[in-house]
Amino acid sequence: MFNKRIKVKELLQTEITGQEVIVMGWVRTFRNNQFIALNDGSTNNNLQVVVALGLLNEDTLKRITTGASIKVKGEVVPSLGKGQKIELKAIAIEILGDSDAEKYPLQPKKHSLEFLREIAHLRFRTNTFGAVFRVRHALAFAIHKFFNEKEFVYLHTPIITASDAEGAGEMFRVTTLPIDGTAPKKEDGSIDFNEDFFGKSTNLTVSGQLEAELGAMAFSEVYTFGPTFRAENSNTTRHLAEFWMIEPEVAFADIEDNMNLAEAFIQYIISYVMEHNKEDLEFLDARLAEEEKQKPQNERQEFGLIEKLKFVVDNKFERITYTEAIEILLNSPAYKKKKFKYDVQWGIDMQSEHERYLVEKHFKKPVIVINYPAAIKAFYMRLNEGCETGRETVAAMDILAPGIGEIVGGSQREERYDVLLNKMKQFNIPEKEMFWYLDTRKFGTVPHAGFGLGFERMVQFVTGMTNIRDVIPFARTPKNCEF
RNA sequence: UCCUCAGUAGCUCAGUUGGUUAGAGCAUCUGACUGUUAAUCAGAGGGUCACUGGUUCAAGUCCAGUCUGAGGAGCCA
């Protein structure tokens, strides 16, 4: 019975009228006891089902409420009304699932994003979230397509790890030991993880990069795409405790190759969505424009959503060194007028306000910043040669995007065994636990590079959604693990 | 974790210097209408004013604490 149904998206594209079809979906609105706006999630556009007077008995008519699921057999006819080309003249309607209109939280009216977040299990049924999650899907698909076309190997890195060496952030502990204080203890009173499931202390991964590097040392080109966890108590519009990350890792590559890959990658997946999710983007574009109208003039975005995406696809990203970035900031009117809260000088870790200035005010497009001071970056990043003493830099690269800040963080990796070992000592990384990582530098080491891209931040950028909790189906944030 | 703001009907909000029975729009329900597009028109129901305590003759309104949400910062992707 079900495979005979035609999807609303397909039906709306048809020019042929007169045929009899079966559609199923959820009622968005029922106007005038006569017009059903039916949606099945295949597109944001609703199918108008016309119910002739007297077709249904009073009881069935009453059960066609917002949120109810129905099956409609009908004839495709040219629409008499404006707003749609075709409509479905109902021959028979079957209620598949009732929806008590008095209790159903979604009403045929505008809802705030905050409210919809509280009913995340139902919010997919709204236009905005329908569009957002179809775009999210398309982006995910485009990512695999891009790497597959380039013959990268998709490497599944572990979700539970024993390494806490990277220092990317606070970690969630994974354990089967009791938490009521009865866990086995060592003589010094600390918990004895020898007795734990894995025989050692384990956590949820904060990054698959180190393992991806191992893969790159055999397949040349790999990428990971999976969930990542950070137990940071971050309460912002761009942080989640559970998020998805894409981490390509490429052997025989330097920082230059890395930048080229990241830029081509971002442009590819955005182009894919622009081509395949035109309607969704148009809806999100209009939604954003509406939202922008509420803001005071000086806070409004210069570009519309689609305009912005087009710009990113058509233009090269700006590429500057950290040193140049600092110079731009020092020479900026904002700095001279003391508009920055935090001081600027070579060696600082740039603050949000500084990154924002570079991207949104100065260049007005995505910016790749490379060669950061070694002291503020991770131990595995490659030390640049020929630096002034006291001004050592590493071959790191951050891509900053308007509106969300850092969207990509990457680097050329330190492939020289001695230099890496030295760095690990400086950063207090336990060599013993990291023997497997060091092994790659002992046995056939090669220059290599890679980066990490926060998937949700990418979805934010493409959809124009300002809160990261609205671009992941079920957000995990401090004090929130509903659904 | 820090700073700022907020929490009043199902939703979005108003509620004056503390003072009768806490309001509106939308949604819902009932009826009318029947080519509607956020349908329209008429009527009805709907409230532990986040929670706990305090000040006061009197608290939605003032004070303290707690919880929750939002925005920003830090951390980062």
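Residues numbered from 1 in each chain as written. Chains lettered and ligands numbered in written order. Predicted model: local features only at pLDDT ≥ 70, side-chain atom pairs only at ≥ 80, totals over all residues. Heavy atoms only, no water.

### Some details on the overall build of chain A
A tally of regular secondary structure across chain A gives 14 helices and 16 strands. Within chain A, residue pairs in contact and separated by at least 24 positions form 68% of the contacts whose partners lie at least 6 positions apart. Accessible area for chain A stands at about 24,900 Å²; split by element, carbon and sulfur atoms hold 50% of it. Treating the 61 positive side-chain charges of chain A as one cloud and the 70 negative ones as another, the clouds have centres 6 Å apart. (Helix = DSSP H or I, 4+ residues; strand = E, 2+ residues; numbered from the N terminus. Contact = heavy atoms within 4.5 Å. Areas by Shrake-Rupley, 256 points an atom, 1.4 Å probe, with all protein chains shown as cover. Lys, Arg positive; Asp, Glu negative; His and termini not counted. Charge placed at Lys NZ, Arg CZ, Asp CG, Glu CD.)

### What to know about unusual backbone geometry
In this model, Lys 479 sits at a positive phi of 70 degrees, which is unusual for a non-glycine residue. Along the chain, Lys 479 turns up in the segment after α14 (455-463). In this structure Lys 479 comes out as exposed when scored by relative accessible area, which is 89%. For Phe 483, which is not a glycine, the phi torsion comes out positive at approximately 70 degrees. Note on placement: Phe 483 falls in the segment after α14. Phe 483 sits in the partly exposed class, given a relative accessible area of 41%. (Buried < 20%, exposed > 50% of the residue type's maximum accessible area, 1.4 Å probe, protein only.)

### Thoughts on the packing of helix α7 (residues 278-294) against helix α8 (residues 305-314)
At a closest axis distance of 8 Å, the pairing of α7 and α8 adopts a crossing angle of 120 degrees. Here α8 runs oblique to α7, going by the angle between their axes. Side by side, α7 and α8 meet where Leu 281, Glu 282, Leu 284, Asp 285 and Leu 288 of the first sit next to Leu 305, Ile 306 and Leu 309 of the second. Residues of the contact of α7 with α8, tallied by class, amount to six nonpolar, no polar and two charged. (Axes fitted to C-alpha atoms, helices over the stretch in contact; angles between N-to-C directions. Parallel < 35°, antiparallel > 145°, perpendicular 65-115°, else oblique. Nonpolar A, V, L, I, M, F, W, Y, C, P; charged D, E, K, R; others polar.)

### Thoughts on the domain arrangement of chain A
Split by domain assignment, chain A resolves into domain 1 (2-108) and domain 2 (125-171 + 206-470). Here the C-alpha centroids of domain 1 and domain 2 sit 44 Å apart. Between domain 1 and domain 2, the residue contacts involve 10 residues of the former and nine residues of the latter. Counting each side, the surface lost to burial between domain 1 and domain 2 is near 760 Å², with a carbon and sulfur contribution of 31%. (Domains from an automatic or database assignment. Buried area = accessible area lost by both parts, 1.4 Å probe.)

### Here we look at the protein's contact with RNA strand B
Residues in contact with RNA strand B amount to 47 residues; listed here are only the nearest, Lys 82, Lys 109, His 239, Gln 351 and Arg 457. Sugar plus phosphate: this is where 48% of the atoms of RNA strand B within 4 Å of the protein reside. Residue His 239 places a side-chain N or O atom 2.7 Å away from a base oxygen belonging to RNA strand B. Ile 407 places a polar main-chain atom, nitrogen or oxygen, 2.8 Å from a sugar or linking oxygen of RNA strand B. Of all the secondary-structure elements, those providing two or more residues to the surface near RNA strand B are α3 (113-118), β11 (242-251), α11 (352-363) and β15 (405-412). (Near = heavy atom within 4 Å. Polar contact = N/O pair within 3.5 Å; in protein donor to acceptor, adjacent residues only side chain to side chain.)

### Side note on helix α13 (residues 435-442)
For α13, the set of buried residues is Tyr 437, Leu 438, Thr 440 and Arg 441. Across the axial projection of α13, the buried residues extend over an arc of 145 degrees, all falling on one side. In this fold, the buried residues of α13 make contact with α5 (209-219), α12 (417-426) and β16 (448-454). Of the residues one or two after α13, Gly 444 is the one with positive phi, at around 70 degrees. (Arc of directions from axis to C-beta.)

### So, the sheet that holds β11
Here eight strands make up an open sheet; going across it, the order is β6-β10-β11-β16-β15-β14-β13-β12 and the pairing mixed. Of all strands in the sheet, those bounded by a partner on one side alone are β6 (153-154) and β12 (318-321). Helix-sheet contacts for helix α9 (residues 322-330) involve β12 and β13 (367-373), and the interaxial angle to β12 is about 95 degrees. (Pairing = 2+ DSSP bridges.)

### Some points on the sheet that holds strand β9 (residues 202-204)
Read across the open sheet, the three strands follow the order β7-β9-β8; overall the sheet is antiparallel. At either margin of the open sheet sits one strand with a lone partner, and together these are β7 (160-161) and β8 (173-174). The sheet contact formed by β8 and β9 spans two bridges and is antiparallel. Each bridged residue has a counterpart across the sheet, and for Val 174 the counterpart in β9 is Thr 202.

### Re the packing of aromatic side chains
Counted according to the given criterion, the structure contains 23 aromatic pairs. Centre to centre, the rings of Tyr 322 and Trp 346 are 5.6 Å apart; their planes meet at 85 degrees, and the pair counts as edge-to-face. Taken as a pair, Tyr 322 in helix α9 and Trp 346 in the loop between α10 (333-336) and α11 lie far apart in primary sequence, 24 residues in all. A network of ring pairs unites the aromatic residues Phe 146, Phe 147, Phe 152, Tyr 154, Tyr 223, Phe 265, Tyr 268 and Phe 451 as a single cluster. Of note, Lys 308 hangs over the ring of Phe 461, and the distance from its end group to the ring centre comes to 4.0 Å. Of note, Arg 441 hangs over the ring of Tyr 437, and the distance from its end group to the ring centre comes to 4.3 Å. (Phe/Tyr/Trp six-rings, centres within 6.5 Å; stacked < 30°, edge-to-face > 60°. Lys NZ or Arg CZ within 6 Å of the ring centre and 35° of its normal.)

### Quick notes on the pairing of β16
Looking down a regular strand, the side chains alternate between one sheet face and the other. The buried fraction of β16 amounts to seven of the seven residues, a majority that puts the element mostly inside the structure. The alternating pattern of β16 places His 448, Gly 450, Gly 452 and Gly 454 and Ala 449, Phe 451 and Leu 453 on opposite faces, both of which are buried. Where β11 lies against β16, five bridges are found, and the strand directions are antiparallel. The residue of β16 that forms the bridge with Glu 249 is Gly 450. For β15 and β16, the ladder comprises five bridges, and the chain directions are antiparallel. By the bridge assignment, Val 408 is partnered in β16 with Leu 453.

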